[in-house]
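A structural walkthrough
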Amino acid sequence: MKSLNANPNAIPTSPTVNRLVDELSKLPGIGPKSAQRLAYYLLRAPEEQSRQLAEAILSVKQETSLCTACFNVTDADPCLICRNDQRDRTRICVVEQPQDILPLERTGIYKGLYHVLHGAISPTEGMGPDNLKVRELMVRLQNGGMVEVILATNTNLEGEQTALYLSRLISPLGIRVTRLARGLPFGTELEYADDVTLTHALEGRQEV
Ligand SMILES: [Zn+2]
């Protein structure tokens, strides 16, 4: 009879459970132990919960797209922010990733529009302006009516390089360019900035 575990020293576990552990451990911030804990949790949880989780994961891929105006992730185009007439259409806040919008919205003090670059300039990783939504930003700005562009890229090297590049590109258009880095410690990823720090950084934003 063929043994399931040819190696007598191998830990005898289910390949099906292992597959789930492997998939979970590919997620950011999930180490092998956490992946194992989650897998065994799901094994014990009601089938309905697993089904809902699986469906939510699939629908985030199948039912969302990027807003054709600001490139935020959205279920409908244009996105809820671009579609909202209560928003200040004379200001655009430029962020690296869609998830950077969330902490800025939580502060409740910014009422303008956004533009998601989908990355930052990083020569070492081969990321230049052409790989980002820079051309699309310039088209929006050239359409007129903009008073201010707030550069809210991360305060790390790539984010600063990107802010500098954009400020040089935008300033000749006669639009006020501000940066909210002041008050945010160097190396801050916007996604993880707390509300109070971010509120101060927004209120105290300065000309580049
Ligand atoms: Zn949008």
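First, a word on scope: everything that follows refers to the structure included in this document. (Residues numbered from 1 in each chain as written. Predicted model: local features only at pLDDT ≥ 70, side-chain atom pairs only at ≥ 80, totals over all residues. Heavy atoms only, no water.)

Some thoughts on the coordination of the zinc ion
Definition in use: Here the coordinating atoms are restricted to nitrogen, oxygen and sulfur within 2.8 Å of the metal centre, or 3.2 Å for Na, K and Ca, and because water is not among them the sites may look incomplete. Any coordination sphere not matching a tetrahedral pattern (four donors, all angles between 85 and 135 degrees) or a square planar or octahedral pattern (four or six donors, opposite donors over 155 degrees apart, other angles between 65 and 115) is reported as irregular. Exposure categories follow from relative accessible area, calculated using a 1.4 Å probe and restricted to protein chains: below 20% of the type maximum is buried, above 50% is exposed, and the middle band is partly exposed.
For the zinc ion, the protein coordination sphere consists of Cys67 (SG), Cys70 (SG), Cys79 (SG) and Cys82 (SG), at 2.3 Å. One can describe the site at the zinc ion as tetrahedral: its four donor atoms subtend angles covering 105 to 116° at the metal. The sequence pattern formed by the donor residues of the zinc ion is C-x2-C-x8-C-x2-C. With respect to class, cysteine 70 is no different from cysteine 79; both count as buried.

Considerations on the pattern of salt bridges
Rules: A pairing counts as a salt bridge when a side-chain nitrogen of Lys or Arg comes within 4 Å of a carboxyl oxygen of Asp or Glu. To qualify as a helix, a DSSP run of H or I must reach at least 4 residues; to qualify as a strand, a run of E must reach at least 2; elements of each kind are numbered from the N terminus.
Applying the stated criterion to the full structure yields twelve salt bridges. Notably, a salt bridge pairs lysine 26 with glutamate 23, separated by 3.0 Å at the nearest N-O pair. Note that arginine 51 is salt-bridged to glutamate 48, the shortest N-O span being 2.9 Å. With arginine 51 and glutamate 48 both in helix H3 (residues 47-62) and three residues apart, the pair spans about one turn of that helix.

Side note on the pairing of strand S4 (residues 112-116)
Applied cut-off: When DSSP finds two or more bridges between two strands, those strands count as paired. The handedness rule is simple: strands pointing away from the viewer, and a clockwise path from the first strand over the helix to the second, make the crossover right-handed.
The buried count for S4 comes to five of five residues, which makes it a mostly enclosed element. Alignment of strand S3 (residues 88-95) against S4, held across five bridges, turns out to be parallel. Paired with isoleucine 92 across the strands is leucine 113, a residue of S4. This β-α-β element, S3 to helix H5 (residues 101-107) to S4, shows right-handed connectivity.

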